[in-house]
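A closer look at the structure
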Amino acid sequence: MPGDRNAAIKSFEELGEAAGDAIASAITIVDGIIAVGGGLSGASKYIIPALVKELNNTLGMMTGEHFNRLQMKVFNLDDDSAFEQFAQSRVSRITVPGTNRTLSYDPLKRIGIMTSRLGTNQAIAMGAYRYALNRLV
């Protein structure tokens, strides 16, 4: 359509940044995948990179110090190379203090973000179907 393509892309990037700011607060209490769906999924190639960048950003103190905004690293699971990094195991064996026991530990805290490909109608229908099946048992 006619219009300013660059302005539209910039608007989507700004939306991604604002959404990243809002989602950062929510994912500090949620351990799961972030799914972007609905109308936003159609512009995800413009929104998600800015959103992930905002989530992986740092915050500054008045002293000039900076720290990571989140404890975990956020990965765009729609991007093949980012998915590879997300799925890569960094497990090492550590000793439980005061014992001879060891356990597996992966020091990289991570969370993924992806775009829903189902569409709202199909996702709701699948959820209702699942709910109905669970009520039958």
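Anyway, here's the lowdown on the structure attached to this text. Residue positions are counted from 1 within each chain, in the order its sequence is given. With the structure being a predicted model, the display of local features is reserved for residues of pLDDT at least 70 and the display and counting of side-chain atom pairs for 80 or more, all residues being used for whole-chain, interface and lining totals. To obtain the side-chain values, all non-hydrogen atoms of the structure were used and water was disregarded.

Let's shift gears to the pattern of salt bridges. A carboxyl oxygen of Asp or Glu within 4 Å of a side-chain nitrogen of Lys or Arg is what we treat as a salt bridge. This model, assessed by the stated rule, comprises three salt bridges. Between Asp21 and Arg69 there is a salt bridge, and its shortest N-O distance comes to 2.4 Å. A residue pair is termed long-range when its members are at least 10 positions apart, and Asp21 in helix 1 (residues 5-26) and Arg69 in the loop between strand 3 (66-68) and strand 4 (73-76) qualify at 48 residues. The partner of Arg110 in a salt bridge is Asp106, and the shortest N-O contact between them spans 2.7 Å. The network of salt bridges with common partners includes Asp21, Glu54 and Arg69. Only DSSP runs of H or I reaching four residues or more are called helices, and only runs of E reaching two or more are called strands; each is numbered from the N terminus.

To continue, consider the nonpolar core. The nonpolar core is taken to be a set of buried Ala, Val, Leu, Ile, Met, Phe, Trp, Tyr and Cys residues, with the residues joined through side-chain atoms within 4.5 Å. For each residue, the accessible area found with a 1.4 Å probe, counting protein chains only, is set against the maximum for its type, and the residue is called buried under 20%, exposed over 50%, and partly exposed in between. Of all hydrophobic cores here, the largest spans 17 residues; its most connected members are Ile27, Ile34, Leu55, Leu70, Val74, Ile111 and Ile113. Put simply, the parts of the chain that give this core at least two residues each are helix 1, strand 1 (34-36), helix 2 (44-55) and strand 7 (110-115). With six residues, helix 2 is the largest single contributor of residues to this core. The residues contacting Ile111, other than those within four sequence positions of it, are Ile27, Val30, Gly32, Ile34, Met72, Lys73, Val74, Phe75 and Phe86. Should any heavy atoms of two residues lie within 4.5 Å, those residues are counted as being in contact.

Two rings belonging to Phe, Tyr or Trp (six-membered ring only in the last case) form a pair when the distance between their centres is within 6.5 Å. Interplanar angles under 30 degrees mark stacking, angles over 60 mark edge-to-face geometry, and anything in between is tilted. Following the criterion strictly, the structure yields two aromatic pairs and no others. Measuring from ring centre to ring centre gives 6.0 Å for Phe12 and Tyr46, while their planes differ by 10°; the resulting arrangement is stacked. Taken together, the residues Phe12 in helix 1 and Tyr46 in helix 2 connect sequence positions 34 residues apart. Their ring planes at 70° and their centres at 5.8 Å tell us that Phe75 and Phe86 sit as a pair that is edge-to-face. One end of the pair, Phe75, is in strand 4; the other, Phe86, is in helix 3 (residues 80-87), with eleven residues separating them in the sequence. Above the ring of Phe75, the side-chain terminus of Lys73 is found at 5.2 Å from the ring centroid. Geometrically, a charge over a ring is one whose NZ (Lys) or CZ (Arg) sits within 6 Å of the ring centre while staying within 35 degrees of the ring normal.

In this section: the side chain of Thr115. Its place among the elements puts Thr115 in strand 7. What makes Thr115 buried here is its relative accessible area of 6%. A distance of 3.4 Å separates polar atoms of two side chains, one belonging to Thr115 and the other to Ser44. For this analysis, a polar contact is any N or O atom pair within 3.5 Å, provided that within protein one partner can donate a hydrogen and the other can accept it, and provided that sequence-adjacent residues contribute only side-chain to side-chain pairs. Only 2.7 Å separates the side chain of Thr115 from the side chain of Asp78, close enough to count as a polar contact. When residues no more than four places from it in sequence are discounted, the contact partners of Thr115 are Val36, Ser41, Ser44, Ile48 and Asp78.

Another aspect to go through is the sheet that holds strand 7. Two modes of strand pairing occur in sheets, parallel and antiparallel, and in both the strands are linked by backbone hydrogen bonds. If DSSP finds at least two bridges between two strands, the strands pair. With respect to topology, three strands assemble into an open sheet ordered 1-7-4, the strand pairing being parallel. Each edge of the sheet is formed by a strand with only one pairing partner; in this case those strands are strand 1 and strand 4. On average, adjacent strands in this sheet sit at an angle of 20° to one another, irrespective of strand direction. Pairing of strand 4 with strand 7, which is carried by four bridges, proceeds in the parallel orientation. What sits directly across from Val74, in strand 7, is Ile111. Between N-to-C directions, angles cover 0 to 180 degrees, with each direction set by a line fitted to C-alpha atoms, over the stretch in contact for helices. Sheet strands touched by helix 3: strand 4 and strand 7. Its angle to strand 4, the strand with the most contacts, is close to 140°.

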